Amino acid sequence: MDASGVYVRERGKLRRVSSDIVLKPVPSSPSSSCRRTNPLVLRKEHFVFTYNAEGSLRYSSKSLFDIALLFVAGNVHHVDSLVGFPEQIGDRLFAAAEENRVFLKPDVSPKALRLFCDAYGDIVLGSLCLRNRFPLLSERMADIKTFHSLKRLDLFGCRLGDDHEIFQHLTSASLASCLIQLFIGGNGLSDVGLQRLTAPVRMMRKGLDCLQCLDVSYNPISERALRYLNCLPKLEKLDASGTGMKFGTRLKSTMWELLGLTYSEKALEAFDHSGCKTQGWAEQVVNQWETNGAQMPKQKKLDESRISALRFFGRQRFVREVLNKAPLSHDRAATSEDEQRLHFYKPPAGNVTSKRKGPSEKCGDVSRTSPLAKRATPSVLTAEDMDLLDQY
């Protein structure tokens, strides 16, 4: 711009503006905090370059809206709130931030995602499938916790164990009013882990208020752990296949008395993995996380302190083999015939009386009491619950 003039078209006439007027820097006041030295430098992203029919290069300037959108997307972590902005604006802003790879920056991504989730809720991400993708869960835990409007969450085969930090997010107040389906099968979850997961619900009456479908299959849990699920007021479907529970009259009776659920002869469609998908604006962001994580060198995935500890205890080779082996997963279609499928559901209101007389006849007067009434009464804390409460 220093070597050419500036032309302006006004009212159909083209005139040249004096270069002395345009290019002369504007003196700033001593109190001004603006540090921009040359505001007239053109930026390539402000123009659209195309080719005409003759093959000549031509360019046109972007609209002021697109330029402002690009600027906000690059500095979205400095925005205070997007509440009140139309969804159309939020969609384009999210796409621009994704294109600028904002969500791949660990120091910026959680704040940016929380900004969108607070304003647009489940539109950003309403369903998240992390089935057998435990490295992604570990590396992006801070980002996943920002999705507080999930209706469906699949954590099957993510190696959660009995004491994972994701438990606090599952029972948080942000997910209490929206999470409907939860899949935590194949995670090595025992009775103690299920007790820890439901502790905030049983003790403080918060979390998992709307949970209707729960998958705890292929976990070493027993019938004793069913009492920890008695705190879920809207539980309608449960998958207990591949657990320590043995199918029989006793299990049917216990399931009905504690949870008000009856055995399903047919497989429930709710536990078919083909219906679980990651849906929302952040669908491609999750794919970017996984792709970017796969490209990272393996030696950078473990911090120095952990490597030192593994070397000190002489278990580095053992732990490496455990981390590199195939994740714990089960193909529902390829299960053996001798493995009993345990799907339970809550019968319709009109069939409650007929269903209740089946497996609970031998219980005498106990079966006459409605299971809903039992669930409404506050449960007495056991000694194990008190020990767990003391750890908080």
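This text goes with the structure placed above it.
Residues numbered from 1 in each chain as written. Predicted model: local features only at pLDDT ≥ 70, side-chain atom pairs only at ≥ 80, totals over all residues. Heavy atoms only, no water.

A. Spotlight on helix α4 (residues 109-120). Here α4 is 12 residues long and its end C-alpha atoms lie 16 Å apart, about the 16 Å a rise of 1.5 Å per residue gives. All of the buried residues along α4 are S109, P110, A112, L113, L115, F116, C117 and Y120. At the C-terminal side of α4, G121 shows a positive phi close to 60°. (Helix = DSSP H or I, 4+ residues; strand = E, 2+ residues; numbered from the N terminus. Expected span 1.5 Å × (residues − 1). Buried < 20%, exposed > 50% of the residue type's maximum accessible area, 1.4 Å probe, protein only.)

B. Summary view of the nonpolar core. Ranked by size, the top nonpolar core spans 73 residues in total, and within it F147 and L214 carry the most contacts. Take this core: its biggest share by element is 6 residues, from α4. Once you skip the residues sitting within four places of it in the chain, L214 turns out to touch L182, I184, L229, L232, L235, K237, L238, D239 and F271. Judged by nonpolar contacts, the second largest core, of 5 residues, contains F183, C213, L268 and F271. (Core = buried A, V, L, I, M, F, W, Y, C linked by side-chain atoms within 4.5 Å. Contact = heavy atoms within 4.5 Å.)

C. Representation of the packing of aromatic side chains within the structure. Tallying each qualifying case throughout the model produces 10 aromatic pairs. Ring geometry for F94 and W281: centres 6.0 Å apart, planes at 45°, overall tilted. Residue F94 is found in helix α3 (residues 87-99), and its partner W281 is found in the loop between β10 (262-263) and α11 (283-294); the two are separated by 187 residues along the sequence. This pair shows no difference in class: F94 is buried, exactly as W281 is. Here the aromatic rings of Y120 and W281 are separated by 5.2 Å at their centres, their planes lie at 55°, and the arrangement is tilted. (Phe/Tyr/Trp six-rings, centres within 6.5 Å; stacked < 30°, edge-to-face > 60°.)

D. Representation of the packing of helix α2 (residues 64-74) against α3 within the structure. Put simply, α2 and α3 touch, their axes get as near as 9 Å, and they point 60° apart. Between α2 and α3, the angle is such that the two are oblique. In the crossing of α2 with α3, the sense of the turn from one axis to the other is right-handed. Counted together, F65, D66, L69, V72 and A73 of α2 and I89, R92, L93, A96 and A97 of α3 form the full contact between these two elements. (Axes fitted to C-alpha atoms, helices over the stretch in contact; angles between N-to-C directions. Parallel < 35°, antiparallel > 145°, perpendicular 65-115°, else oblique. Left-handed = near helix turned anticlockwise from the far one by under 90°.)

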